[in-house]
Amino acid sequence: TADEDIASEAVKQAIKRLIDNEDKENPLSDQAIVELLERNEGIQIARRTVAKYREVMGILASSKRKKMF
């Protein structure tokens with residue numbers, strides 16, 4: 001439904017915001033994103049859903065996002 005599309009888009013934007021603002025040397029795990037979404041946004045979502053949305057948006061897993069210096 002349209003409501004679900006809007007909701008999933010809002011969740012994707014929230015995930016993207018968290019990842020855009022994360023510490024690049026210590027990126028957020030999918031589980032950490034789940035916990036932050038619940039605490040900060042009141043969004044309850046499964047870790048695998050975070051992983052799915054992250055992949056759909058072309059965002060790498062935290063281990064691959066880690067910036068090496």
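Our structure's up above, just so we're on the same page.
Only a predicted model underlies this, so the values are computations on that prediction, with no experimental measurement involved. Starting from 1, residues in each chain are numbered consecutively following that chain's sequence as written. Only residues with pLDDT of 70 or above have their local features reported here, since the model is predicted, and side-chain atom pairs are shown and tallied only from 80 upward, although totals for entire chains, interfaces and linings are computed over all residues. Heavy atoms throughout the structure, all of them, feed into the side-chain values; hydrogens and water do not.

**Student:** Is there a simple way to explain helix α1 (residues 2-20) in this structure?
**Tutor:** One full turn of an α-helix is made of 3.6 residues, so residues set three or four places apart face in the same direction. Over its 19 residues, α1 runs 27 Å from end to end, which matches the ideal 27 Å to within 8%, given 1.5 Å per residue. Residues Ser8, Val11, Lys12, Ala14, Ile15, Leu18 and Ile19 constitute the buried set of α1. Here the buried residues of α1 occupy an arc of 160° about the axis, which is enough to place them on one side. Looking at α1, the residues exposed on the side facing more than 90 degrees away from the buried face are Ala2, Asp3, Asp5 and Ile6. On its buried face, α1 sits against α2 (30-41), α3 (47-56) and α4 (62-65). A helix here means a DSSP run of H or I that spans at least four residues, while a strand means a run of E at least two residues long, and both kinds are numbered starting from the N terminus. Multiplying 1.5 Å by the helix residue count minus one yields the expected span of that helix. When a residue's accessible area, from a 1.4 Å probe over protein chains only, is under 20% of the maximum for its type it is buried; when over 50% it is exposed; and in between it is partly exposed. What the arc covers is the set of directions going from the helix axis to the C-beta atoms. Only heavy atoms matter for contacts: two residues are in contact if any of them lie within 4.5 Å across the pair.

**Student:** Sorry if this is basic, but what is going on with α3 here?
**Tutor:** Those residues of α3 lying buried are Val50, Ala51, Tyr53 and Arg54. An end-on view of α3 places all buried positions within 170° of arc, on one side of the element. Residues of α3 that are exposed and angled more than 90 degrees away from the buried face: Arg48, Glu55 and Val56. Looking at the packing, one finds that the buried side of α3 touches α1, α2 and α4. Remark: glycine 58 follows α3 within two positions and exhibits a positive phi of approximately 75°.

**Student:** I keep staring at a negative patch on the surface and nothing clicks. Help me out?
**Tutor:** Note that patches include only residues with greater than 30% relative accessible area and no salt bridge, and the join distances are 9 Å for like charges and 5 Å for nonpolar side chains (Val, Leu, Ile, Met, Phe, Trp, Tyr). Using a 1.4 Å probe, accessible areas were evaluated by the Shrake-Rupley method; residue-level cover was limited to the displayed protein chains. When a carboxyl oxygen of Asp or Glu is within 4 Å of a side-chain nitrogen of Lys or Arg, the pair counts as a salt bridge. Charged residues are defined narrowly, with Lys and Arg counted positive, Asp and Glu counted negative, and His plus the chain ends left uncounted. Where a charge sits is defined by one atom per residue type, namely NZ (Lys), CZ (Arg), CG (Asp) or CD (Glu). Together, Asp3, Glu4, Asp5 and Glu9 make up a negatively charged patch on the protein surface. Locating aspartate 3 in the fold gives a position in helix α1.

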